Amino acid sequence: MKLSRTIHTADGSSVSITPRGIEYDLHVRNAAGQTVATVEMNADDLDALINEAEKVQGW
C-alpha cells in the first residue's frame, strides 16, 4: 500500500506526496497551510525528481 508522505521545512512550509491511482499529487503549502502549488506526476517523473534532489543534496 502506498502511503502519503509530508516533508516539513524550517520555515513551516511543507510538501506532501500523495499517491492517486498510478500517479502522484505533490501539494506545496506555505507556513500558513495555504496551498501554493499542486503538481501531478507519474511514477517515472517522481523518481526523476527524487533522484535529482538526491544529487543536489549529495545523498
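Shown above is the structure to which this text applies.
Summary of the structure given here. (Residues numbered from 1 in each chain as written. Predicted model: local features only at pLDDT ≥ 70, side-chain atom pairs only at ≥ 80, totals over all residues. Heavy atoms only, no water.)

1. As for the overall build of the protein
Right, so step 1: Helix and strand content of the protein: 1 helix and 4 strands.
Right, so step 2: Reading the protein from its N end, one meets helices and strands in the order β-β-β-β-α.
Right, so step 3: Taken across its 59 residues, the protein has 17% of its residues classed as buried.
Right, so step 4: Long-range contacts, defined as pairs at least 24 residues apart, comprise 1% of the intrachain contacts of the protein with a sequence gap of at least 6.
Right, so step 5: A total of about 4500 Å² of accessible surface is found on the protein, and carbon and sulfur atoms cover 54% of it. (Helix = DSSP H or I, 4+ residues; strand = E, 2+ residues; numbered from the N terminus. Buried < 20%, exposed > 50% of the residue type's maximum accessible area, 1.4 Å probe, protein only. Contact = heavy atoms within 4.5 Å. Areas by Shrake-Rupley, 256 points an atom, 1.4 Å probe, with all protein chains shown as cover.)

2. Concerning the sheet that holds strand S3 (residues 23-29)
Right, so step 1: Reading across the sheet, the 4 strands line up as S1-S2-S3-S4 and stay open at both edges, with antiparallel pairing between neighbours. Looking at the sheet topology across the chains shown, the edges are occupied by strand S1 (5-8) and strand S4 (35-42). For this sheet the average axis-to-axis angle between neighbouring strands, irrespective of direction, equals 15°.
Right, so step 2: Where S1 lies against strand S2 (residues 14-20), 4 bridges are found, and the strand directions are antiparallel. Bridge pairing links Arg5 to Ile17 in S2.
Right, so step 3: Contacts from helix H1 (residues 43-57) reach S2, S3 and S4 within the one sheet, and its direction differs from that of S4 by about 115°. (Pairing = 2+ DSSP bridges. Axes fitted to C-alpha atoms, helices over the stretch in contact; angles between N-to-C directions.)

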